[in-house]
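One letter stands for each residue in the lines below.
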Amino acid sequence: MLTTLVTSIALALAASPSMPAPTQSSAPVPNAPAPVASAPQRPAEAQPQEEAPPQPEPPKLEDRIPPVSAQAFTKAGKVEITLGLGLSLDDAFIEKLIPELSIGYHFDDAFYLGLRGGYAFDFNAGHVDACDQTGANCGSPTASQVKQLPGNFTALGALQFAWSPIYGKLNFFGEKVLHFDTAFLIDGGVLFLGRQVGSTNGRTAPEVSPGLGERFFFTSAFALAFELRDMIYASGGVQNEIMFHFGLTFLL
């Protein structure tokens, strides 16, 4: 009987399916530490080289010379005294050298009113000859003959007005600045005439002189003055002479 039981158990085991062999699971293990990844190797940084400090740029011309924002030399409320010299430029008979003195007042930087006077030294212009009554004998006129020609005057006195609407500066080589103003001029006065043969004019004649003037300022009290005038007057008829004046101006 025991033999029969053992035989039955052996047959039962042979007839049952075989159990699979245990395999290793690939599922992650809970609470398992994550694998440590190695950091990538960074290339070594190049050391910055020291750069030379930048050189300062030279100042530009417009930075060295400031613009004219206001008049550097004002004339408003000042008395002006000018010592000058006048020269006639186009007289066919008599050239004149006229020392002059003018004094006036600047109501503001634009308007001026003053007095001007001068004495004329004349000499032969060398443009004409003197002939005798026959016209055969001619030569340079004598000083007395020249003084009898039209245009001979010995002195002048005038009231002068000036309007100066322009003020500016001149820049020399980017270093020196010269301030100036431009004026429109008008004079009215009297000429004292020399004796003229054959003329019915008196010893005085009215004159008017429009012109243009420039002043170049070196300080607030000193300037150089240049003027060009067309002097119109009556001497043996209506005459006009272009006169050039220059002088030293003092502002007090």
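What counts, and where the lines are drawn
Residues numbered from 1 in each chain as written. Predicted model: local features only at pLDDT ≥ 70, side-chain atom pairs only at ≥ 80, totals over all residues. Heavy atoms only, no water. Helix = DSSP H or I, 4+ residues; strand = E, 2+ residues; numbered from the N terminus. Buried < 20%, exposed > 50% of the residue type's maximum accessible area, 1.4 Å probe, protein only. pLDDT = per-residue confidence, 0-100. Core = buried A, V, L, I, M, F, W, Y, C linked by side-chain atoms within 4.5 Å. Salt bridge = Lys/Arg side-chain N within 4 Å of Asp/Glu carboxyl O. Phe/Tyr/Trp six-rings, centres within 6.5 Å; stacked < 30°, edge-to-face > 60°. Polar contact = N/O pair within 3.5 Å; in protein donor to acceptor, adjacent residues only side chain to side chain. Contact = heavy atoms within 4.5 Å. Pairing = 2+ DSSP bridges.

## Considering the overall build of the chain
Scanning the chain from N- to C-terminus turns up three helices and eleven strands. Tracing the chain from N to C terminus, the helices and strands come up as α-α-β-β-β-β-β-β-α-β-β-β-β-β. Residues counted as buried form 29% of the 252 residues belonging to the chain.

## Observations concerning the confidence of the model for the chain
When pLDDT is averaged along the chain, the result is 77, and 61% of the positions lie at 70 or above. No element of the chain has a lower mean pLDDT than helix 1 (residues 2–15), which averages 54, and none a higher one than strand 3 (residues 111–119), which averages 96.

## Observations regarding the nonpolar core
Generally speaking, soluble globular proteins have nonpolar side chains that are buried together. Counting residues in each nonpolar core, the largest one holds ten residues, listed as Ile98, Ala120, Phe153, Leu156, Leu191, Leu193, Ala205, Met231, Tyr233 and Met243. The set of elements that each furnish at least two residues to this core consists of strand 7 (153–172), strand 8 (176–193) and strand 10 (222–234).

## With respect to the pattern of salt bridges
Here the structure, examined in full by the defined rule, presents seven salt bridges. A salt bridge links aspartate 181 to lysine 75; the nearest nitrogen and oxygen atoms lie 2.4 Å apart. In this pair, aspartate 181 is assigned in strand 8 and lysine 75 in the loop between helix 2 (61–64) and strand 1 (79–88), connecting sequence segments 106 residues apart. With respect to burial, aspartate 181 and lysine 75 carry one shared label: buried.

## Looking at the packing of aromatic side chains
On inspection of all chains with the given rule, the structure shows eleven aromatic pairs. With 5.3 Å between their ring centres and 85° between their planes, tyrosine 105 and phenylalanine 107 make a pair best called edge-to-face. The class for tyrosine 105 is partly exposed, based on a relative accessible area of 35%. Among the aromatic residues, those joined into a cluster by ring pairs are Phe180, Phe216, Phe226, Phe244 and Phe246.

## Overview of the side chain of threonine 82
Of note, threonine 82 is situated in strand 1. By relative accessible area, which is 9% here, threonine 82 ends up buried. Within the structure, the side chain of threonine 82 is placed 3.0 Å from the side chain of threonine 249, a separation counted as a polar contact. Discounting residues that sit within four places of it in the chain, threonine 82 has contacts with Glu100, Leu101, Ser102, Arg215, Gly247, Leu248 and Thr249.

## Thoughts on the pairing of strand 11 (residues 238–251)
Note: strand 1 against strand 11, nine bridges, orientation antiparallel. Residue isoleucine 81 lies in a different strand from strand 11, and its bridge partner there is phenylalanine 250. Here 13 bridges tie strand 10 to strand 11, and the two strands are oriented antiparallel to one another. Residue pairing in the sheet places phenylalanine 222 in a bridge with phenylalanine 250 of strand 11.

## Digging into the side chain of histidine 245
In this fold, histidine 245 is placed in strand 11. A relative accessible area of 5% means that histidine 245 is categorised as buried. Those residues in contact with histidine 245, other than ones at most four positions away along the chain, are Leu85, Gly86, Glu100, Arg116, Ala225, Phe226, Glu227 and Arg229.

## Quick look at the pairing of strand 7
Examined bridge by bridge, strand 3 and strand 7 share nine bridges and lie antiparallel to one another. Paired with tyrosine 112 across the bridge in strand 7 is alanine 162. Across 17 bridges, strand 7 lies against strand 8 in antiparallel orientation. What sits directly across from isoleucine 166, in strand 8, is threonine 182.

## Observations regarding the environment of alanine 76
In this structure, alanine 76 sits in the loop between helix 2 and strand 1. Sequence spacing of alanine 76 and aspartate 109 is 33 residues, and the spatial spacing of their C-alpha atoms is 4.8 Å. Not counting chain neighbours up to four residues away, the residues in contact with alanine 76 comprise His106, Asp108 and Asp109.

## A word on the environment of leucine 87
When you line up the elements, leucine 87 lands in strand 1. C-alpha of leucine 87 to C-alpha of leucine 97: the two residues are ten residues apart in sequence and 5.0 Å apart in space. Those residues in contact with leucine 87 that lie beyond four places of it in its chain are Lys96, Leu97, Ile242, Met243 and Phe244.

## Things to note about the environment of leucine 185
Inspection of the secondary structure puts leucine 185 in strand 8. A residue is classified by how much of its surface remains accessible, and leucine 185, at 8% relative accessible area, is buried. Distance from leucine 185 to arginine 229, taken between C-alpha atoms, is 8.1 Å for residues 44 residues apart in sequence. Residues contacting leucine 185, with those up to four places away along its chain left out, are Phe161, Ala162, Ser209, Pro210, Gly211, Leu212, Gly213, Glu227 and Arg229.

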